[in-house]
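Below are the chains, spelled out letter by letter.
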Amino acid sequence: MTHVLDPDALSHDARALVAPLPPYDDVTRSDAAFRAFLHGLPGVDQVGAEARAAQLGTRSIKTTSKAWAIDTAISMVDLTTLEGADTPGKVRSLAAKAKQPDPTDPTTPKVAAVCVYGDLAGVAREALQGTGIHVAAVATAFPSGRASKAVKLADVRDAVDNGADEIDMVIDRGAFLAGRYLDVYDEIVAVKEACGDAHLKVILETGELKTLDNVRRASWIAMLAGGDFIKTSTGKINPAATLPVCLVMLEAVRDFRAATGRQIGMKPAGGIRTTKDAIKHLVMINETVGPDWLDPDWFRFGASSLLNDLLLQRQKLRTGHYSGPDYVTVD
Amino acid sequence: MIGNDRLAVRKTYKLYVNGAFPRSESGRTYEVTDAKGHFLANAAWASRKDARDAVVAARGAFAKWSGATAYNRGQVLYRVAEVMEGRHAQFCEEVAAGEGLSSSKARAAVDAAIDRWVWYAGWTDKLGAVLGGSNPVAGPYFDFSLPEPTGVVAVLAPQQSSLLGLVSVFAPVLATGNTAVVVSSKERPLPAVTLGEVLATSDVPGGVVNLLTGDAEELGPWLAEHADVDAIDLTGAPAGRAMEFEREAAGTIKRVVRAPAGGEPDWAADPGITRMTPFLETKTVWHPMGL
Amino acid sequence: MTSTPFEYAPAPESRSIVDIAPSYGLFIDGEFVDGTGEAFKSVNPATEEVLSEVASGSEADVDRAVRAARRAFEKTWGPMRPADRGKYLFRIARLLQERAREFAVLESLDNGKPIRESRDVDVPLAAAHFFYYAGWADKLEHVGLGTQPRPLGVAGQVIPWNFPLLMLAWKVAPALAAGNTVVLKPAETTPLSALLFAEICRQADLPAGVVNIVTGAGDTGRAVVEHPDVDKVAFTGSTDVGRSIARAVAGTRKKLTLELGGKAANIVCDDAPIDQAVEGIVQGIFFNQGHVCCAGSRLLVQESIHDEVIASLQRRIGTLRVGDPLDKNTDIGAINSAEQLARIRELSDIGEAEGAQRWQPACELPAKGFWYPPTVFTDVSPAHRIARDEIFGPVLSVLTFRTPDEAVAKANNTTYGLSAGIWSEKGSRILKIADQLRAGVVWANTFNKFDPTSPFGGYKQSGYGREGGRHGLAAYLKGADQ
């Protein structure tokens, strides 16, 4: 499966080729218009956003709600391995865990997806055949995104051809920070096209964008360009998913649906390790965008170690006593 | 009259309100005598309506005066000292006559009154630093406090010290950015009128100070109860009425400076800042610090 | 919100941590003593359950307390080395921290405020106030009143029911740090945390008579204010009572500070960070059920974003949880008393009768106790009573403006001047509006923040004097020339 590099993709046109959904269909008509739109979005006060996120983190969840929350969180996990050392064996082992996270308890829900590099998407696809678990592949010169557009598009097509039905792309943070918003937009549009039927998750890499104003603007670029999900981070940069960043991104998907009618999913990734963290996110969804997003189709956790903690807590709820690391499987 | 002695042109003593010199709207005057009882002048006898007009003038002047830079206010107050200096002899005569002082004591009082303006002129741009500052709150906020003028201040000036006492009570009101309605000493009003003329020819904007000659006992209750007066200095309130004025001032939660216990203080003493702080509010502003 | 399996189960804080006695006496001269007045009941406003019977201080009791305070001022606390006075206050701060959970639960039981607030705001801030002023005790020559500032003597302090322990701390900590002794009267409906504080004083070995707590109603307060041997009166409460106190001390040598009512404008400009502004509006008016003198009870929103802000606000209010104050998930607790509830209802009804639009979220209120749902009035004009009168409840009046000048004019169009808010992303606009507002505390892009280092107090009929910072000490000291 070879792809000819598309020479057109290398030339930049100031006007976006594909217009966003109304009422935003004219905001990408020029660099200046797009910039004016993005900088016209309400600002985010960092201190206020952090205080709100912290407050949501103090909600107390007990018993029945907690059981539901843990199962929901498990079903939202994109079980991830993104190492240079990944092998087909490692991916198959992860796929097995995805199907049956807790071998001692078959009532444990399966996870939402397995997330791997594109070259291993085929292995994951084969291992997960018939399970309903999605195969997500990172693409577009993940994690840095520093490659030509043509290479990025080829990377996407390759992953899709290998069997990925979800593509996790990274935005061009360099272009974003240089103020070339339309370039960022166009690239996402092109990647979306290259995805075909695969769902597109757009990684903003918020740890590199630094400010919450930038997070909000990048979220809007991704949503306007046709991304199906917006995702915080690659997991390779610290900080990754923080509660204030998630709050701002959830506000973005909330406002976008209110304006366009289109619902966008949200995926925090990296840094979410404990059941407590996961539940804080669910609380935040519940109180920011509402229960419509409390569903694996609309919310995912990009994580690896989180799953084991969720399983330990699940065992604790079921048995009534604390569990230990030997009672869950190593990845 | 003998020979070529010139017949003096006497001054008509009037009120000083909103930068102008009106007679009392009531048409009333009263006789002012020197310490020995000899006729000096007929002073305007301010009525409650004059007091009302003076409050309107003071309120009208407040925004501009309180909004002027502290440096500007300092220069204006210093200018008052300059212009007073030019009328030094006249003030000495009026103080000596009114208070029955020797010429050297009168001179000392006038000197001190002029120097008091210089003292307060130098305070205008120090108050923010001395009384304000940033507050190290336990959180990601920049938080600072600043002194701000209270608003319109009614001043019942001392009855004894007709110039030094007068300046000592209302210069600090001006220095802090407030505007003032001042009721002069009833029996010794002439230096107040002359001071009004000095103010009119200095750079003090009209309305910032309004000087009423008349009876604090009569005007006090109107000013104490006036809802658009923010603070009142009862220094010159007649003994026995101060408590009543203070009670009336409570109706609108006015800031009150009580009459000093044990009669008028030594006005020549170092004034400190205790005559400025009662007419200052502290405003605290919070703002988050985030990226 | 549509039904979801994700309902927060009740997460009540255990009340077993606090031991409430069936009855309490007065705390005078280091001992709990019987009052000579008739005892009254303190009620949990969330359940109407009687928590305890509390002695009511008579004039004679107040006299006893003032005499004890005078003795302590002259014999122990006044002559004590300033550093040692500071150490006692540090001890108190630490004891409050050690028993923080107990105080939080007691405060929520007696006052009706959510445990989230008593736990995260009232009690920690009270401890912080003692810790802050403790450090001042041996540094008074740096306050700015000359090299030899002196305490005033006996301070009579009367505090309100909205932040019982915190207001106690705001009053007692600076007074003691400055070398005064105090007679404090807690509010009639919320005396219990002050009585627990008396126990803290005993645990700290604070000398007898330095802190005296005389519970009771208005008459007891009047006796404290009018006692001839009180040198300083400090009051927090309504402007009406403030007026009568100012009248009562007229003609005396008592120093007076007043922290009274408010009707703060919360100005939201079209360039505001909207999501945080909505949080700020909620925090501004629903914090402590709106029982806050500096509450942002008048929302001034720029006309161009009115609809958007109101929609966001209503959505946000829909997520507020009203109910059991001891539930850690509760955002809005109980109204403090039947009287206060009646006043909130009355003013709300007047608002509706005057033509304002009342909006309340669908929310189930407990059957017993005193409750009022979060309420927003739109189409409010400056002439409406709900735009002028302090409601002291969870009721927001929304007005609009077109230009910053109009916002300032409307914000200042009140006899109060305690606090104000501004929301804008433009720094110079914030500073200009902050400069023009006639209010003692201006929160820009935040609201209802408090800190012991930060002076707090009002302009105009919101009172005079400041609490917090070195300004707060000046209220309890006199310079050598005074």
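Residues numbered from 1 in each chain as written. Chains lettered and ligands numbered in written order. Predicted model: local features only at pLDDT ≥ 70, side-chain atom pairs only at ≥ 80, totals over all residues. Heavy atoms only, no water.

For the rest of this paragraph, the subject is the overall build of chain C. For chain C, the helix and strand inventory stands at 14 helices and 20 strands. Taking 2.2 N^0.38 as the reference for a compact globule, 482 residues should give roughly 23 Å; the C-alpha atoms of chain C span a radius of gyration of 22 Å, in line with that estimate. Projected onto the principal axes, the alpha-carbon positions of chain C cover approximately 65 × 50 × 35 Å. The burial tally for chain C puts 65% of its 482 residues in the buried class. The long-range share in chain C, meaning contacts at least 24 apart out of those at least 6 apart in sequence, stands at 75%. Roughly 16200 Å² of accessible area belongs to chain C as shown, and the carbon and sulfur atoms make up 50% of that amount. For chain C, the centre of its 52 positive side-chain charges and the centre of its 59 negative side-chain charges are spaced 6 Å apart. (Helix = DSSP H or I, 4+ residues; strand = E, 2+ residues; numbered from the N terminus. Rg over C-alpha atoms; globule rule 2.2 N^0.38 Å. Buried < 20%, exposed > 50% of the residue type's maximum accessible area, 1.4 Å probe, protein only. Contact = heavy atoms within 4.5 Å. Areas by Shrake-Rupley, 256 points an atom, 1.4 Å probe, with all protein chains shown as cover. Lys, Arg positive; Asp, Glu negative; His and termini not counted. Charge placed at Lys NZ, Arg CZ, Asp CG, Glu CD.)

A few words now on the interface of chain A and chain C. On the chain C side, the residues contacting the 27 residues of chain A number 27 residues. Interface area for chain A against chain C, summed over the two sides, is near 2400 Å², with a carbon-plus-sulfur share of 48%. Here chain A and chain C share four salt bridges between them. Between Arg254 of chain A and Asp275 of chain C there is a salt bridge; the shortest N-O distance is 2.6 Å. The tally of links between chain A and chain C comes to nine residue pairs in polar contact (both at pLDDT 80 or more). For the side of chain A that touches chain C, the secondary structure elements donating two or more residues are helix H2 (46-56), helix H3 (63-75), helix H10 (212-224), helix H11 (243-260) and helix H12 (275-288) of chain A. Residue classes in the side of chain A that touches chain C are distributed as 10 nonpolar, eight polar and nine charged. (Buried area = accessible area lost by both parts, 1.4 Å probe. Salt bridge = Lys/Arg side-chain N within 4 Å of Asp/Glu carboxyl O. Polar contact = N/O pair within 3.5 Å; in protein donor to acceptor, adjacent residues only side chain to side chain. Nonpolar A, V, L, I, M, F, W, Y, C, P; charged D, E, K, R; others polar.)

All names here are of chain A. Between helix H4 (residues 88-99) and helix H5 (residues 121-128), the least distance of the axes is 9 Å, while the angle of their chain directions is 35°. Crossing of H4 over H5 shows right-handed handedness. Facing Pro88, Val91, Arg92, Ala95, Ala98 and Lys99 of H4, the residues of H5 in contact are Val123, Ala124, Ala127 and Leu128. Here the contact of H4 with H5 is built from residues that sort into eight nonpolar, no polar and two charged. (Axes fitted to C-alpha atoms, helices over the stretch in contact; angles between N-to-C directions. Left-handed = near helix turned anticlockwise from the far one by under 90°.)

With that settled, consider helix H9 (residues 274-286) of chain C. Residues and elements named next belong to chain C. Between its first and last C-alpha atoms H9 spans 18 Å; for 13 residues at 1.5 Å apiece the expected length is 18 Å, and the two agree. Every buried residue belonging to H9 is among Ile274, Asp275, Gln276, Ala277, Val278, Glu279, Gly280, Ile281, Val282, Gly284, Ile285 and Phe286, and all of these are buried. Looking one or two places after H9, you find Asn288, whose phi comes out positive at around 55°. (Expected span 1.5 Å × (residues − 1).)

What follows covers unusual backbone geometry. Of note, the amide linkage connecting Pro22 of chain A to Pro23 of chain A takes the cis form, showing an omega dihedral of 5°. Geometrically, the link from Phe142 of chain A to Pro143 of chain A is a cis peptide bond, its omega value of 0° lying close to zero. Among the secondary structure elements, Pro143 of chain A is positioned in the loop between strand S3 (134-138) and helix H6 (149-161). At Asp379 of chain C, a position not held by glycine, the phi torsion is positive, near 55°. Here Asp379 of chain C is to be found in the loop between strand S15 (375-378) and strand S16 (395-401).

With that settled, the discussion passes to the pairing of strand S2 (residues 39-44) of chain B. Residues and elements named next belong to chain B. As judged from the five bridges shared by strand S1 (residues 29-33) and S2, these two strands associate in the antiparallel manner. Paired with Thr29 across the strands is Ala44, a residue of S2. Linking S1 to S2, which pair antiparallel, is a turn of five residues; within it Gly37 sits at a positive phi near 95°. (Pairing = 2+ DSSP bridges.)

What follows deals with the environment of Arg298 of chain C. All names here are of chain C. Among the secondary structure elements, Arg298 is positioned in strand S13 (residues 298-302). Separated by 97 residues in the primary sequence, Arg298 and Val395 have C-alpha atoms spaced 9.2 Å apart. Setting aside residues up to four positions removed in sequence, Arg298 forms contacts with Lys263, Ala264, Ala265, Asn266, Ala387, Leu396, Ser397, Leu399, Lys410, Ala411, Asn413 and Thr414.

Within the structure shown, the criterion is met by 70 salt bridges over all chains. We note a salt bridge from Arg70 of chain C to Asp231 of chain C, for which the minimum N-O separation is 2.6 Å. Of this pair, Arg70 of chain C sits in helix H1 (residues 59-77) while Asp231 of chain C sits in the loop between helix H7 (218-226) and strand S10 (232-236); the two residues are 161 residues apart in sequence, bridging distant segments of the chain. The exposure class assigned to Asp231 of chain C is partly exposed, which follows from its relative accessible area of 23%. The closest approach of N and O atoms between Asp138 of chain C and Lys139 of chain C, which form a salt bridge, is 2.7 Å. Within the structure, one salt-bridge network assembled from shared partners comprises Arg52, Arg59 and Glu287 of chain A together with Arg116, Glu279, Arg316 and Asp331 of chain C.

The pairing of strands in a sheet comes from backbone hydrogen bonds and takes either a parallel or an antiparallel form. Residues and elements named next belong to chain B. Judged by pairing direction, the sheet is parallel, and its five strands sit side by side in the order S7-S6-S5-S8-S9 without closing on themselves. Single-partner strands in this sheet number two, and they are strand S7 (209-212) and strand S9 (255-257). Strand-to-strand twist of the sheet, defined as the mean angle between neighbouring strand axes without regard to direction, takes the value 15°. Relative to strand S8 (residues 231-233), strand S5 (residues 152-156) runs parallel, the two being bridged by three bridges.

Below, the discussion takes up the pairing of strand S7 (residues 154-158) of chain C. Residue and element names in this part refer to chain C. Burial analysis of S7 places five of its five residues in the buried class, the great majority of the element. Both faces of S7 are covered, namely the face carrying Val154, Gly156 and Val158 and the face carrying Ala155 and Gln157. Pairing between S7 and strand S8 (residues 181-185): five bridges, direction parallel. In the strand pairing of S8, Val154 is matched with Thr181. At this point the chain moves from S7, through helix H5 (residues 164-177), to the parallel S8, and the crossover so formed is right-handed. (Right-handed = clockwise from strand over helix to strand, strands pointing away.)

We now examine the sheet that holds S16 of chain C. What the 10 strands build is an open sheet, ordered S3(B)-S4(B)-S10(B)-S18(C)-S17(C)-S12(C)-S13(C)-S16(C)-S15(C)-S14(C); its pairing is mixed. With one partner strand each, in any of the chains shown, strand S3 (133-134) of chain B together with strand S14 (357-359) of chain C form the two edges of the open sheet. Pairing analysis gives three bridges linking S15 of chain C to S16 of chain C, with the strands arranged parallel. Paired with Thr375 of chain C across the strands is Val395 of chain C, a residue of S16 of chain C. In this fold helix H10 (residues 306-317) of chain C packs onto S13, S14, S15 and S16 of chain C, with an angle of close to 135° to the strand it touches most, S13 of chain C.

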